[in-house]
Amino acid sequence: SADELDARIRAAKDALGDRVVVLGHFYQRDEVVRYADFVGDSYQLANAALARPEAEAIVFCGVHFMAETADILSAADQSVILPNLAAGCSMADMADIDSVLECWEQLEARYGTEPDAEGRVPVIPVTYMNSSAALKGFCGEHGGIVCTSSNAATVLEWAFARGQRVLFFPDQHLGRNTAKAMGVPLENMPMWNPRKPLGGNDDATLDAARVILWHGFCSVHKRFTVDQIDRARAEHPGVRVLVHPECPMPVVDAADGAGSTDYIGKAIAAATEPTTFAIGTEINMVNRLAQQYPQHEIFSLDPVVCPCSTMYRIHPGYLAWVLEALVRGEVINRITVDAAVAAPARVALDRMLAARP
Ligand code: 13P
Ligand code: SF4
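Conventions we followed
Residues numbered from 1 in each chain as written. Chains lettered and ligands numbered in written order. Predicted model: local features only at pLDDT ≥ 70, side-chain atom pairs only at ≥ 80, totals over all residues. UniProt positions renumbered as here; feature names shortened; annotations may be inferred. Helix = DSSP H or I, 4+ residues; strand = E, 2+ residues; numbered from the N terminus. Rg over C-alpha atoms; globule rule 2.2 N^0.38 Å. Contact = placed C-beta atoms within 7 Å. Buried ≥ 20, exposed ≤ 12 C-beta atoms within 10 Å, placed from the backbone. Near = placed C-beta within 6 Å. Nonpolar A, V, L, I, M, F, W, Y, C, P; charged D, E, K, R; others polar. Pairing = 2+ DSSP bridges. Axes fitted to C-alpha atoms, helices over the stretch in contact; angles between N-to-C directions. Arc of directions from axis to C-beta. pLDDT = per-residue confidence, 0-100.

An unreviewed UniProt entry lists the protein under the name Quinolinate synthase, with Galbitalea soli as the source organism. Under Subcellular location (unreviewed entry), UniProt gives the following word-for-word description of the protein: "Cytoplasm". Here the protein is described in UniProt, under the heading Function (unreviewed entry), as follows: "Catalyzes the condensation of iminoaspartate with dihydroxyacetone phosphate to form quinolinate."

This is the structure:
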């Protein structure tokens, strides 16, 4: 039962004390978040993985790419544990290293490798945090960098200072929304289709490209629509619409604000008057915010609520299982990134951590 699980998790955490740190993403269900020593967005959780080098284990309640990142950033003798190994991210799976390498080869053939008069190389690869360690490693090896939804503009500025153009993967929407807000015209942001030569683009389009977008997307965030926003505005005059930048561009344009999961929480926390908020992000987080701020009316833009099914795979039962194993001295569901990949991935992650103003 839930009470039994609660007692088991608490007992295991008490027994382990400072030997373990439990990290939780904002999208985790309440029954998991309540045991987290730190809850945050993916940028904050990357920093949290660096913060406790003396802990033996980091139990990461989130998805696979986050645990991989934690392993790359944490101390060598720390183990990072993903309570359920089936907690992946469908967006991260949309860019595989072979397709990206093939794309890179075609871009090199087209643009060459020589820097221009200002010393900017032809293409800088930028990967969204929501990607495999292999892609982060690819970026580290090719002068590139990682971004999250909370620092994407800072990172793109970093990349534009060093490159004539950017290859951005896997999330087309974060790439498009961020570049557009920085003034890059849509006609200079072609998409890359890995199944077609030159991504399906003609020479003129590629000549004019500033940002080349991969075709990935988040199946949770692509569900939000402008119609939902119109309806919320009609039914709730004065409503403030806040969405995640993984939403399609028309949705971000129609919203009052767009930002990371941390941005959305902080925007609500900052409201001094009772306010109605319609939110375009994962439902577990929206429901938690609604409970946390009873003075406001907070609801999801999408009436057919859709959780992130893979985040949801971290059930408290798995948390109890991995914590109890640690108490017995056993490490299960450990996520380890091969040193050959981790070293260049660390370079790309460190560039991101340093680019943050
Ligand atoms: P944040 O970086 O905003 O936490 O987003 C992570 C994520 O997976 C959103 O779908
Ligand atoms: Fe991946 Fe979307 Fe889930 Fe975030 S919400 S972990 S991008 S599937």
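After that view, the rundown keeps rolling.
## As for the overall build of the protein
Per the secondary structure count, the protein includes 16 helices and 12 strands. Scaling as 2.2 N^0.38, a compact globule of 357 residues should have a C-alpha radius of gyration of about 21 Å, and the protein matches this with 21 Å. In terms of its C-alpha atoms, the protein occupies a principal-axis envelope of roughly 65 × 55 × 35 Å. Within the protein, contacts between residues at least 6 apart in sequence are counted, and of these 67% link residues at least 24 apart.

## Quick notes on the environment of Leu206
Note on placement: Leu206 falls in helix H10 (residues 203-207). Judged by the 18 C-beta atoms lying within 10 Å of it, Leu206 falls in the partly exposed class. Taking the C-alpha atoms as reference points, Leu206 and Met191, 15 residues apart in sequence, are found 9.7 Å from one another. When neighbours within four sequence positions are excluded, Leu206 is seen to be in contact with Arg110, Pro190, Leu198 and Asn201.

## Details of the site of ligand 1
Residues in contact with ligand 1 amount to 13 residues; listed here are only the nearest, Asp41, Ser42, Ser149, Ser260 and Thr261. Looking at the shell around ligand 1, its residues break down into 3 nonpolar, 8 polar and 2 charged.

## Some words on the site of ligand 2
In the neighbourhood of ligand 2, 13 residues make up the surrounding shell, with Cys89, Met91, Cys218, Val220 and Cys308 lying closest. Taken together, the residues of the shell around ligand 2 sort by class into 7 nonpolar, 4 polar and 2 charged.

## As for the sheet that holds strand S3 (residues 57-61)
Strand order across the open sheet formed by 4 strands is S2-S1-S3-S4, with parallel pairing between neighbours. Two strands lie at the open edges of the sheet, namely strand S2 (38-40) and strand S4 (79-81), each paired on one side alone. Strand-to-strand, the axes of this sheet are offset by a mean angle of 20°, without reference to chain direction. Bridge analysis of strand S1 (residues 20-25) against S3 gives 5 bridges, and the strand direction is parallel. Within the sheet, the bridge partner assigned to Leu23 lies in S3 and is Phe60. Seen against the sheet, helix H4 (residues 64-73) touches S1, S3 and S4 and runs at an angle of roughly 160° to S3. Here helix H15 (residues 316-327) sits on the sheet and contacts S1, S3 and S4; the angle it forms with S3, its principal contact strand, is near 175°.

## Describing the UniProt feature "binding site: [4Fe-4S] cluster" (unreviewed entry) in the protein
Taking the numbering used here, the UniProt-annotated feature "binding site: [4Fe-4S] cluster" (unreviewed entry) corresponds to Cys89, Cys218 and Cys308. Across 220 residues, the annotated set stays spatially compact, with a maximum C-alpha separation of 9.3 Å. Along the polypeptide, Cys89 turns up in the loop between S4 and helix H5 (90-93). On the basis of neighbour counts, which here come to 23 C-beta atoms within 10 Å, the residue Cys89 falls in the buried class.

## Thoughts on helix H11 (residues 226-235)
One turn of an α-helix holds 3.6 residues; hence residues three or four places apart share an orientation. Buried within H11 we find Gln228, Ile229 and Ala232. For H11, the buried positions fall inside an angular range of 100° around the axis, keeping them on one side. Along H11, exposed side chains directed more than 90 degrees from the buried face belong to Asp227, Asp230 and Ala234. Among the structural elements, strand S9 (240-243), helix H12 (249-254) and strand S11 (276-280) are those in contact with the buried residues of H11.

## Here's the deal with the confidence of the model for the protein
Of all residues in the protein, 99% have pLDDT values of 70 or greater, and the mean over the chain is 97. Model confidence for the complex: the whole-complex pTM is 0.97, and ipTM, which rates the interface, is 0.98.

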